[in-house]
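Structure at a glance
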Amino acid sequence: MRREKGHYRLLSRYMAKEFLLAFLVAFVFFFLIFFVNSILLLVQKILLKNITFSTMLLMVMLSMPQFLIYTFPFATLSGASMVLGDLNSSNELMALRSSGIPLSRVFLPILVLSLVLSFCTFLVSDYLLPWSNIQYKERLTLLMRDMPTFELESNGVNTVSNVLVANGPVEGNSIENLVMITTDRSDSNMSIASGSGSLEMIDVSNFVYRLDIEDASILLSDSSDSTTFVEAEGDHAYFYLDFSSQVPSLTSTDPVNLSSHELRESIEKRKPIEMADRTMYYEDLEDSRLKIASELRAAYSSGTKDLAGYRTAVSDLEDKYDPPVDFYSQYYKAELTKKYALSLACFFLTLIALPLGLLKLKYGKLTGFAVSLLVAVAYWYMLFYAQLEIFEISGPPYLLIFAPNLVVGLAGLALLFIMRKAR
């Protein structure tokens, strides 16, 4: 008996080692897919041209947790598929079964490690992500305070969003020979010329600047009609430039960046509003029923024989007037459920990887990785679709958000049962 346990212990260590190596390869692959494009956009948006490499590296590291919550589940799926596919294609699984070792012993280390990775994913989602979001915003604010959105250089030209600034000599924030051109959303252009002026940030949190100019000439024109314009001059003028839209939204205070405790608190705060809306809905519904019933009785008393329209109106009330859906309440509930669903996805995706890894295919590791990509895309689509549908249902979205996990988990168990019967 001790010898048998020793064999199982050796098998468990081998499976755990192979799975973790495959998981690491898949982790790097998925992480780069989610991470690289967003980081390039981040660098472009915040215009980090004059900061140290260590500061840039810190900002990048603080933005990582939001990608890890997707990387862990998909890497777990790929790691399990690659390991089992490799063992099956090389007939090692057949050799193990011929030695009297059940498949459950082969699967057990992978399932245990998938639960460990599920716990790690939850820690990242519930603790590391909210913390990194706060740290990121604080450091970004300090960074933008010390680094002007406009890099004011003598005889330079700067373009940010819809604002172009050309200037002469610059000393500190003082500018000479200033020309500024802007285009707003109404397709009207504004051109400003000034002999001197200064640019100062007045709102660090929202990145709002004030442009103070002397001897200003201002021209407002319609971009679609060159004959329509307004011209004005003044000794002194102030302009406020709002660049909040240029600040990267990679991290924010959206529900996705809140902890489970904060989400539950938000849901509780929305409950009275949600209950009040539903109470009003049911009261209006009851009033409509009573009104139709009263009209039906009056029509019946007057001898009217065609009463089908009244009966149909009563039955159609529920279909015509759906219960109200509180947007924020549904949003918070969906994000809370997604936090647990994505964490447990490591385990549920492993369940479907087990039977897929038993398929007799060539190039087991490569084929297993390819199959895992298809499953990952299908899971991603189901989760995305579930998030879109949360506002189409009047009840809590818990089951809808968790449905992708149930689908892949039950599919995996069903395939295992079918393959076991076939063998």
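Heads up: these notes are all about the structure in this document. In this text, all values refer to a predicted model and were calculated from it rather than measured experimentally.

Glancing now at the overall build of the protein chain. Within the protein chain, the regular secondary structure consists of 10 helices and 7 strands. Per-residue burial for the protein chain yields a buried fraction of 41% across its 423 residues. By sequence separation, contacts in the protein chain at least 24 residues apart represent 70% of the contacts at least 6 residues apart. A total accessible area of about 24000 Å² is found for the protein chain, and carbon and sulfur atoms account for 61% of it.

Next up on the list: helix α3 (residues 65–89). The terminal C-alpha atoms of α3 lie 36 Å apart, and with 25 residues this matches the ideal 36 Å at 1.5 Å per residue to within 8%. At T71, α3 shows its largest bend, some 30°, and a proline, P73, comes one to four positions later. Extensive coverage of α3 is indicated by the burial of 23 of its 25 residues. Positive backbone phi, approximately 65°, marks N91, located one or two places after α3.

Note that Y332 resides in helix α8 (residues 327–357). The class of Y332 is buried, set by a relative accessible area of 16%. The spatial distance from the C-alpha of Y332 to the C-alpha of L263 is 5.9 Å, given a sequence separation of 69 residues. Excluding residues within four positions of it along the chain, Y332 makes contact with P255, L263, S266, I267 and R270.

Grouped together as the largest cluster of nonpolar side chains are 62 residues, with contacts concentrated most on M15, F72, L349 and Y379. Within the residue set of this core, elements represented by two or more residues are α1 (2–46), α2 (53–62), α3, α5 (103–146), α8, α9 (364–389) and α10 (398–422). Non-local contacts of Y379, meaning those with residues more than four positions away in its chain, are made with F74, A341, L342, A345, L349, P404, N405 and V408. In this structure, L199, Y209, L211 and I218 belong to the second largest nonpolar core, which totals 18 residues.

This part takes up the packing of aromatic side chains. Per the stated rule, a full pass over the model turns up 19 aromatic pairs. Residues F23 and F72 carry aromatic rings whose centres are separated by 6.1 Å and whose planes lie at 25° to one another, so their mutual orientation is stacked. Of this pair, F23 sits in helix α1 while F72 sits in helix α3, and the two are 49 residues apart along the sequence. Of the two residues, F23 and F72, neither departs from the other in class, the shared state being buried. Between F27 and F31, the aromatic rings sit 6.0 Å apart at their centres with planes inclined by 10°, giving stacked as the arrangement. Here the residue F27 and the residue F31 both occupy positions in helix α1, the gap between them amounting to 4 residues, near one helical turn. In this pair, the class of F27 matches that of F31, namely buried.

Throughout the structure, instances matching the rule amount to 4 salt bridges. Two residues, K333 and E274, come together in a salt bridge whose shortest N-O distance is 3.4 Å. Linking K333 in helix α8 with E274 in helix α6 (residues 260–301), this pair joins segments that are 59 residues apart in sequence. Each member of the pair, K333 together with E274, is buried. Of the charged contacts, one joins K338 and E335 as a salt bridge, the two residues approaching to 3.6 Å between their closest N and O atoms. With K338 and E335 both in helix α8, this residue pair falls 3 residues apart, about one helical turn.

What counts, and at which threshold
Residues numbered from 1 in each chain as written. Predicted model: local features only at pLDDT ≥ 70, side-chain atom pairs only at ≥ 80, totals over all residues. Heavy atoms only, no water. Helix = DSSP H or I, 4+ residues; strand = E, 2+ residues; numbered from the N terminus. Buried < 20%, exposed > 50% of the residue type's maximum accessible area, 1.4 Å probe, protein only. Contact = heavy atoms within 4.5 Å. Areas by Shrake-Rupley, 256 points an atom, 1.4 Å probe, with all protein chains shown as cover. Expected span 1.5 Å × (residues − 1). Bend = angle between axes of the 7 residues up to and from the residue. Core = buried A, V, L, I, M, F, W, Y, C linked by side-chain atoms within 4.5 Å. Phe/Tyr/Trp six-rings, centres within 6.5 Å; stacked < 30°, edge-to-face > 60°. Salt bridge = Lys/Arg side-chain N within 4 Å of Asp/Glu carboxyl O.

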